[in-house]
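Fold and contact review
Residue strings, one per chain:
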Amino acid sequence: MALWIWTLSILSCFCITLSRNEELKFFQSATELNHLTVDNDTGIIYLGVVNALYQLTENLDVIRSVKTGPEKDNKKCTPPIDENQCKEAVMTDNYNKLLLLNKADETVVVCGSLFKGICAIRDLEDISFKKYYVDSSGEKSFVASNDENVSTVGLITSLNNDRVLFVGKGNGPNDNGIIISTRQLYKRDGKEIFEMYTDSAAVKSAYHSSSTQQFVAVFEDKNYIYFIFNQQEKQPINNRTLIARLCKDDAHYYSYFEMDLGCKDDDGAYDHCHSAYVTTPGEELAESMAQQRQTTDVLSDDKVLLALFSKVNKDDGSLKSAMCVFSLRHINEKMEKNRNDCYTKKNTSSFYKLFAAENPCASHGLNASKTFPCGSEHLPYLLGSKNGVVEKPVLQKEGMNLTAVTVAVENGHTVAFLGTSDGKILKVFLSSTATEYSSRTIELNKPIKNDLVLDQTQENLYVMTTDKVYRLPVQDCLKYSDCEKCIQAGDPYCG
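To start, this report covers the structure provided alongside it. (Residues numbered from 1 in each chain as written. Predicted model: local features only at pLDDT ≥ 70, side-chain atom pairs only at ≥ 80, totals over all residues. Heavy atoms only, no water.)

**Describing helix α3 (residues 328–343)**
- An ideal rise of 1.5 Å per residue puts 22 Å on 16 residues; α3 measures up with 23 Å between its terminal C-alpha atoms.
- All of the buried residues along α3 are Leu328, Ile331, Asn332, Lys334, Met335, Asn338, Arg339, Asp341, Cys342 and Tyr343.
- One side-chain oxygen at the N-terminal end of α3 lies 3.3 Å from the backbone nitrogen of arginine 329; it belongs to serine 327.
- Positive phi shows up at lysine 345, right after α3, with a value of about 55°. (Helix = DSSP H or I, 4+ residues; strand = E, 2+ residues; numbered from the N terminus. Expected span 1.5 Å × (residues − 1). Buried < 20%, exposed > 50% of the residue type's maximum accessible area, 1.4 Å probe, protein only. Polar contact = N/O pair within 3.5 Å; in protein donor to acceptor, adjacent residues only side chain to side chain.)

**Quick look at the state of the cysteines**
- For the coordinates displayed, the defined rule picks out five disulfides.
- For cysteine 77, the disulfide goes to cysteine 86, at an S-S distance of 2.0 Å. An S-S torsion of about 85° defines the bridge between cysteine 77 and cysteine 86 as right-handed. One exposure class covers both cysteine 77 and cysteine 86, and it is buried.
- What pairs with cysteine 247 in a disulfide is cysteine 374, and their sulfur atoms sit 2.0 Å apart. (Disulfide = S-S within 2.5 Å.)

**Let's talk about empty space enclosed by the protein**
- According to the stated counting rule, one finds three cavities of 30 Å³ or more in the structure shown.
- By volume, the second largest cavity is sized at about 50 Å³.
- In terms of lining, the second largest cavity is formed by Ile118, Cys119, Tyr132, Val134, Ser137, Lys140, Ser141, Glu192, Ile193, Phe194 and Glu195. (1 Å grid on protein atoms, 1.4 Å probe; cavity = no way out; pocket = protein on both sides within 12 Å on 5 of 7 lines; lining within 4 Å. Points joined across faces, edges and corners; volume = space filled by probe spheres on them.)

**Comments concerning the sheet that holds strand β9 (residues 96–102)**
- Sheet architecture is open: four strands sit in the order β9-β10-β11-β12, paired in antiparallel fashion. With partners counted over all chains shown, the strands left at the sheet margins are β9 and β12 (130–132), one partner each. Averaged over neighbouring strand pairs, the angle between their axes works out to 30° when direction is ignored.
- Strand direction decides the pairing type here: β9 and strand β10 (residues 107–112), joined by six bridges, are antiparallel. Following the sheet pairing, leucine 98 is matched in β10 by cysteine 111. (Pairing = 2+ DSSP bridges. Axes fitted to C-alpha atoms, helices over the stretch in contact; angles between N-to-C directions.)

**Observations regarding the pattern of salt bridges**
- One pass over the full model with this rule turns up 26 salt bridges.
- Between lysine 449 and glutamate 32 there is a salt bridge, with its nearest N and O atoms 2.6 Å apart. Linking lysine 449 in the loop between β31 (434–441) and β32 (453–454) with glutamate 32 in the loop between β2 (23–28) and β3 (33–38), this pair joins segments that are 417 residues apart in sequence.
- Lysine 140 is the salt-bridge partner of glutamate 195, the closest N and O atoms lying 3.5 Å from each other. Of this pair, glutamate 195 sits in the loop between β15 (178–184) and β16 (202–204) while lysine 140 sits in the loop between β12 and β13 (152–159); the two residues are 55 residues apart in sequence, bridging distant segments of the chain.
- Here glutamate 195 falls in the buried class, since its relative accessible area comes to 11%.
- Judged by relative accessible area, which is 39%, lysine 140 ranks as partly exposed. (Salt bridge = Lys/Arg side-chain N within 4 Å of Asp/Glu carboxyl O.)

**Comments concerning the side chain of glutamine 213**
- In this structure, glutamine 213 sits in strand β17 (residues 211–221).
- Side-chain polar atoms of glutamine 213 contact the side chain of glutamine 231, separated by 3.1 Å.
- In contact with glutamine 213, not counting residues within four places along its chain, are Val150, Gly170, Asn171, Ile179, Phe229, Asn230 and Gln231. (Contact = heavy atoms within 4.5 Å.)

**Points about the packing of aromatic side chains**
- One pass over the full model with this rule turns up eight aromatic pairs.
- Geometrically, the ring pair formed by phenylalanine 26 and tyrosine 470 is tilted, given 5.1 Å between the ring centres and 50° between the ring planes. With a gap of 444 residues between them, phenylalanine 26 in strand β2 and tyrosine 470 in strand β34 (residues 468–473) connect regions that are remote in the sequence. Residue phenylalanine 26 shares its accessibility class with tyrosine 470, and that shared class is buried.
- Taken together, Phe215, Phe227 and Phe229 form an aromatic cluster joined through their ring pairs.
- Lying across the ring of tyrosine 270, lysine 311 places its NZ or CZ 4.4 Å from the centre. (Phe/Tyr/Trp six-rings, centres within 6.5 Å; stacked < 30°, edge-to-face > 60°. Lys NZ or Arg CZ within 6 Å of the ring centre and 35° of its normal.)

**A short note on unusual backbone geometry**
- The omega angle of the peptide bond from glycine 69 to proline 70 is 0°, so this bond is cis rather than trans.
- As for its placement among the helices and strands, proline 70 is situated in the loop between β6 (62–67) and β7 (71–73).
- Here proline 79 and proline 80 are connected by a cis peptide whose omega angle stands at -5°.
- Mapped onto the fold, proline 80 is located in the loop between β7 and β8 (90–92).
- Here tyrosine 253, not a glycine, exhibits a phi torsion of approximately 65°, which is positive.
- Counting through the fold element by element, tyrosine 253 comes out in the loop between β19 (237–247) and β20 (257–265).
- Here asparagine 411, not a glycine, exhibits a phi torsion of approximately 55°, which is positive.
- Inspection of the secondary structure puts asparagine 411 in the loop between β28 (402–410) and β29 (413–420).
- Accessibility expressed as a relative area gives 64% for asparagine 411, which makes it exposed.

Here's what the structure looks like:
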């Protein structure tokens, strides 16, 4: 154990010199990186990698490391692993599937791919201290996907003065079929931590092979929880990107509604989403979006959703990627219109009930959608529509994937930082148009991982490649020798 930690510490921190005579500090892991998050109160970085967890300083120095694998396991076996009962068990790597800070309880929720995706609760200040871990609760404790190739997303929030965990995960070949669920982070009334909030607080696939999901993001706004995921449907073959919404306090998922989230240019639809980020836009972008929607009503609380998509040309195999920008207000309006259309049996051909063949829509009165904003048992639920929202790309790239996105607002300007599959960070100024004003290679031909995170001060960006975390300043204004060059650069941080 000591040797293991010593070896990792040797690998911990280095610097590289770039062609601009600048140094980027980085931390290197002995294994592949999975997730990164930052405590914005302390600046401490939490890093989940294959078989380990780290706490790092804001300068990427190691505070603490914890070994999480490998362990004897088999995806088909139920924990705890008894080698007499599970003869197929072999030493298996533990991929970090969820790494979420629960600041209210001063804990970290950590879920791995081992043992059917069960989770642990660790101390926020000292991740080596495991506050809760049970591997003998059976299926009710299987939270994340146990498949390293199937993504899991999670969000911790408050519900009726308690802390709960919303989870979205794909349906792997050895998973339990639960795609979306609400999990409690407390013990009460005979129920354990990580059990479902109620028995019906879940979306569960009725049959394994109808479609597969890859979750991209989860976020909350006001009383709603949203999930974004890709779905590959097998009969007929079709790739869709979906946004799903449910009321946070809906214990029965009556409010669950999903619809297509489309990004489309003149050559057709981008059918795979790689990353998404929700934020409050800067003044310029907010005003521009209001003008595009032909309204003077610029709501200060309207959020924007930035999503990165790709498509492959079926004729020549060429790759094309794009960023589309959506108004969250517009998404909600479309969902409400769809709900009303279904409840009033109007234009019902696009609607479906999840995992069911029949059209679910029927007449429930003109005001059913407003009377029951979070659905009801007597209304159709687990409802979906193929009539979603579609936007045109604001930025397009050829021959690469856009893999990661985060956003900062500086002096009313909205700046998007984008990661690419060939190891670059692009800086894009968003207003009435999207202007790429900087491109920087972090690690040539090493894809930038999805967790692209600003530090506590918003002055640096943490960038993950396969096995390294880099700290990249968001601006480099000092390199300009005079005011004219500064202005010509088009960098919202400068001048």
